Amino acid sequence: LFVKWQKQMDTILDVALANKVPGKEEFYHPGEEPHFWNFCEWNDRLCDVREHPSSTYNVYLYEALTAAAKLHDFAGNSSRSAELYAVAERLGKALKEYFWSEPLKVFMLTQNDGSLKEYEHVQAIFLANKLADEHKAELLDSIVSSRLNGISFSGLPYFVKALRRLGKEGRAYLYDYL
């Protein structure tokens, strides 16, 4: 299946990687055209994120890059795999540094988030993609505090994966949550 769709997958990733955020070239954006819908989930600002860089778009891109790198590796395309892994590694490092809010102990949707809204969805995708290992305890505290803007059903798979990665306490919270 990958071989059949490899060219299309690579084209999609290459186009995404060509759209860098001006002034923040370590990040990417989906485009500014009015007909583009930068949807994450049905939850407040996450249903159409227009400020860039946004953590959500870039974490999803990180996830796509690592998945494509694995597929290329499996198919024997070691040079493309290495290229995608390298881009993902740089992006992951930038995500962790840029979007972490030390005072709030969460990852933010955008760096200049004037609303200062914090989202379970954002924490879940960072955790699910292993981009928050050094902040697991703080994120668990933030999630169980109920102070975050809750996740919707569309983000639930990430939330389940994230909480399972938070050890016994995360799994216990997940059990009660579900």
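See above for the structure.
Residues numbered from 1 in each chain as written. Predicted model: local features only at pLDDT ≥ 70, side-chain atom pairs only at ≥ 80, totals over all residues. Heavy atoms only, no water.

**Some thoughts on the pattern of salt bridges**
The tally for this structure, following the rule as stated, stands at seven salt bridges. Taking the shortest distance from any N to any O, the salt bridge between arginine 80 and aspartate 14 comes out at 2.9 Å. Of this pair, arginine 80 sits in helix α3 (residues 78-99) while aspartate 14 sits in helix α1 (residues 2-18), and the two are 66 residues apart along the sequence. Lysine 93 is paired through a salt bridge with glutamate 97; the nearest N and O atoms lie 2.8 Å apart. Of this pair, lysine 93 and glutamate 97 both sit in helix α3, four residues apart, which is roughly one turn of that helix. (Salt bridge = Lys/Arg side-chain N within 4 Å of Asp/Glu carboxyl O. Helix = DSSP H or I, 4+ residues; strand = E, 2+ residues; numbered from the N terminus.)

**What to know about the packing of helix α2 (residues 55-74) against helix α4 (residues 120-128)**
Direction vectors running N to C along α2 and α4 enclose 25°, while the axes themselves pass 10 Å from each other. As the angle between them shows, α2 and α4 are arranged roughly parallel. Crossing handedness for the pair α2 and α4: left-handed. Side by side, α2 and α4 meet where Ser55, Thr56, Val59 and Tyr60 of the first sit next to His121, Val122, Ile125 and Phe126 of the second. Per-class residue counts for the contact of α2 with α4 are five nonpolar, three polar and no charged. (Axes fitted to C-alpha atoms, helices over the stretch in contact; angles between N-to-C directions. Parallel < 35°, antiparallel > 145°, perpendicular 65-115°, else oblique. Left-handed = near helix turned anticlockwise from the far one by under 90°. Contact = heavy atoms within 4.5 Å. Nonpolar A, V, L, I, M, F, W, Y, C, P; charged D, E, K, R; others polar.)

**Examining the nonpolar core**
Among the nonpolar cores identified, the biggest contains 49 residues, and Leu65, Leu95 and Phe126 are the most heavily contacted of them. The dominant element in this core, judged by the number of residues it contributes, is α3, at eight residues. Look past the residues within four positions of leucine 95 in its chain and what remains in contact with it is Phe27, Ser55, Asn58, Val59, Tyr62, Trp100, Phe107, Phe126 and Leu131. (Core = buried A, V, L, I, M, F, W, Y, C linked by side-chain atoms within 4.5 Å. Buried < 20%, exposed > 50% of the residue type's maximum accessible area, 1.4 Å probe, protein only.)

**Side note on the packing of α1 against α3**
Each pair of packed helices can be summarised by the angle the axes make with each other and by the distance between the axes. The interhelical angle for the contact between α1 and α3, taken along N-to-C directions, is 35°, at an axis separation of 13 Å. The two elements α1 and α3 meet at a crossing, and its hand is left-handed. In contact with Asp10, Leu13, Asp14 and Leu17 of α1, α3 contributes Arg80, Leu84 and Val87. Tallied by class, the residues present in the contact of α1 with α3 amount to four nonpolar, no polar and three charged.

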